[in-house]
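Observations on chain architecture
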Amino acid sequence: MALEKVLGIETEYGVVGGPDRDPVTASSLVVSAYARRGERVDWDFEAESPDLDARGLARRGSLAPVVETQLANAVLRNGARLYVDHAHPEYSSPECRTPLEATLFDLAGEEILRRAQRVANEGLDGAGAITVYKNNSDGKGNSYGTHENYLVARDVPFADLVRTMVPHFVSRQVILGAGKVGAETEAGQRLDPAFQISQRAEFFEEVVGLETTLRRPIVNTRDEPHGDAERFRRLHVIIGDANRSATATFVKLGATSLLLALLEDEGPAAFPAPPSAPVHAVRLIAADPTLRAVVELEDGRRVTGWDLQDALYASAARYVSRGGGAAVADEGEVAAVMGEWREMLDGVRDDPDGVADRVDWVAKRRLVEGYRERYGLAATDARLRAIDLQYHDLRPERSLADRVGLRPLVDRAAVERAVAEPPESTRAYFRGRCVAQFPAEVVAANWDSVVFDLGEGPLRRVPMSDPRRGTASLTRDLFERCPTAVDLLRALDG
Amino acid sequence: MSEQERIQRNRSTRPGAAPAEVSVDTTKGERLKADLDELLDEIDDVLEENAEEFVRNYVQKGGE
């Protein structure tokens, strides 16, 4: 049986402004503005090991990502982490159990950044105002990430993960890309696109690798399960665009989860062969909004990105019809993923305007092309690039994504709840409840433990090595029975 | 109402599903064009005033 898919998204937001125009200062102000609201519990780095490689290689020292401990860093009541990563405010959603739940907590992240930005700006005069963008590049060759995480059974050979996920990661951009005016890397500029379907595609330079900031790989090998390493792997997916369309986020998480569950249950045979040159294929597909670019697969077939995604949809549909999918969500939610996936695929090929309410790159391209035609602008006009950037602006008075008629997937009240309360379905519930109920005693927390200081004796670490435990159904009674942290720890000891 | 029910409801009430639109493609095309025109008018109102400066000043450090 496939492992239940615990999942989540981490997003580095673009940030401009601030008193000294330094993005590190601006990011710190945004994060601490939110933390000041009584949210703050420090992040605990004890269990962090971002330089372990899933292929079993030894540590590679200086190539490993750097963890910055001195910058603003907080654990939130909804179980998320909000911190400064390099020069960006980053929101890492709490662990969720279904694609819809993870989408909801990604939207909660947008709302948290929106509020943090507002609070930070109350303390600044207008000239230094900070603006936050949910995008992935500055148009000048600098990219920052939106990473997904999926719980995968440790016994799946890593080579199988690579072989089966490469076709998906190369092709899913045809429905999930966030769109971009022009190109900004040498490799991208050689293809000379006026518009690309993906923000991130041109930044990928390797098929498999450990790094995330240099020579970015299509499949990232960071092996840091944040749980029992004997049983679990956390697949860290770095090749995705930040979506403003909630439906796109939902399909991204749903389709990828279903394909991973299919791999766990039935092995790699059900998947199409990967492209012979995956890095070139990613860029080529991105640079062609007509979706006609053809790439060669390892089995010699020549197909478009759309064809590849269609074949993956068909594999997932057969799996679901055989009763697969239970590891991802209930039947209704799986059917919703499959329905949207199909409609978006058909739409981008046959009737793009019909899916402009769901596919970010289609919605953005309509604006860019419409504006260019109305005023007879050159493809390189700064106003078109401004439209591109402003699509991702989170401020309601400026955001263009908020104006193009994207369908809301969940209502505002659900998002408001997800800002303040953790998901009930994973250990994030335990983390979030501890932060909310015992803010004085919880001195630190991370993905797989919570640390208490009871005032006397040593610090007490409560481990959470299985992300599927610590749920509301397992621990809600405990929180209701235990008015103090001392009671809680005593009950856990008992 | 569960999240799931919300999805289903959104799907069934989507404007594209209205039967009246099936036979009148030109009307649909005109409506899309009118929607887009309205949207482009709105962009003129909300787009950053000095686009060139705005785009030039939007510089990020790489991340991840």
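Below: a short report on this structure. (Residues numbered from 1 in each chain as written. Chains lettered and ligands numbered in written order. Predicted model: local features only at pLDDT ≥ 70, side-chain atom pairs only at ≥ 80, totals over all residues. Heavy atoms only, no water.)

A short note on the overall build of chain B
Across its full length, chain B carries three helices and zero strands. Along the chain direction, N to C, the helices and strands of chain B fall in the order α-α-α. Classification of the 64 residues of chain B by burial places 30% in the buried group. Counting only carbon and sulfur atoms, one obtains 50% of the accessible surface of chain B, whose full area is about 4,300 Å². (Helix = DSSP H or I, 4+ residues; strand = E, 2+ residues; numbered from the N terminus. Buried < 20%, exposed > 50% of the residue type's maximum accessible area, 1.4 Å probe, protein only. Areas by Shrake-Rupley, 256 points an atom, 1.4 Å probe, with all protein chains shown as cover.)

Brief notes about the packing of helix H3 (residues 158-171) of chain A against helix H8 (residues 305-321) of chain A
Residues and elements named next belong to chain A. Across the interface, H3 lies against H8 with an axial gap of 9 Å and an inter-helix angle of 130 degrees. Between H3 and H8, the crossing angle belongs to the class labelled oblique. As H3 runs across H8, the sense of the crossing is left-handed. Within the contact between the two elements, H3 uses Pro167, His168 and Ser171 and H8 uses Gly305, Leu308, Gln309 and Leu312. Its residues assigned to classes, the contact of H3 with H8 comprises three nonpolar, four polar and no charged. (Axes fitted to C-alpha atoms, helices over the stretch in contact; angles between N-to-C directions. Parallel < 35°, antiparallel > 145°, perpendicular 65-115°, else oblique. Left-handed = near helix turned anticlockwise from the far one by under 90°. Contact = heavy atoms within 4.5 Å. Nonpolar A, V, L, I, M, F, W, Y, C, P; charged D, E, K, R; others polar.)

Here we look at the interface of chain B and chain A
Facing the 34 residues of chain B at the interface are 65 residues of chain A. Buried area between chain B and chain A, both sides added, is near 4,200 Å², and the carbon and sulfur share of it is 55%. A per-residue breakdown of the area chain B buries against chain A is headed by Tyr58, Gln60 and Glu64 of chain B, which together make up 22% of the total. In this structure, the connection of chain B to chain A is made through five salt bridges. Residue Glu48 of chain B pairs with Arg395 of chain A through a salt bridge whose shortest N-O separation is 3.3 Å. (Buried area = accessible area lost by both parts, 1.4 Å probe. Salt bridge = Lys/Arg side-chain N within 4 Å of Asp/Glu carboxyl O.)

Some words on the sheet that holds strand E5 (residues 81-85) of chain A
All names here are of chain A. A sheet is described by the order of its strands in space; here six strands give the open sequence E4-E5-E6-E1-E8-E13, paired in antiparallel fashion. The outermost strands of the open sheet, each flanked by one partner alone, are strand E4 (73-75) and strand E13 (232-237). On average, each strand axis in the sheet is inclined to that of its neighbour by 20 degrees, with strand direction left out of account. Where strand E1 (residues 7-12) and strand E6 (residues 88-92) come together, three bridges link them in antiparallel fashion. Paired with Thr11 across the two strands is Tyr91, which belongs to E6. (Pairing = 2+ DSSP bridges.)

Regarding the pattern of salt bridges
Side chains that carry opposite charge are capable of pairing whenever their charged atoms lie near each other. Residue and element names in this part refer to chain A. By the definition in use, this model includes 50 salt bridges over all chains. Note that Arg154 and Asp223 form a salt bridge whose closest N and O atoms lie 3.0 Å from each other. Residue Arg154 is found in the loop between strand E8 (146-153) and H3, and its partner Asp223 is found in the loop between strand E12 (216-220) and E13; the two are separated by 69 residues along the sequence. Through salt bridges with shared partners, a single network forms among Asp106, Glu110, Glu111, Arg114, Arg115, Lys134, Arg244, Asp402, Arg412 and Glu416.

A short note on the nonpolar core
All names here are of chain A. Among the nonpolar cores identified, the biggest contains 141 residues, and Tyr91, Leu161, Ile175, Ile218, Trp341 and Val348 are the most heavily contacted of them. Looking at which element gives the most residues to this core, the answer is helix H6 (residues 246-266), with 12 residues. Membership of the second largest hydrophobic core comes to 19 residues, among which are Tyr429, Cys434, Phe438 and Cys482. (Core = buried A, V, L, I, M, F, W, Y, C linked by side-chain atoms within 4.5 Å.)

A closer look at the state of the cysteines
Residues and elements named next belong to chain A. Counted under the stated rule, the structure contains zero disulfides over all chains. Its sulfur unpaired, Cys96 is 17 Å from the next cysteine sulfur, which belongs to Cys434. Among the cysteines around Cys482, which has no disulfide bond, Cys434 carries the closest sulfur, lying 10 Å off. Classification of Cys482 as buried rests on a relative accessible area of 4%. (Disulfide = S-S within 2.5 Å.)

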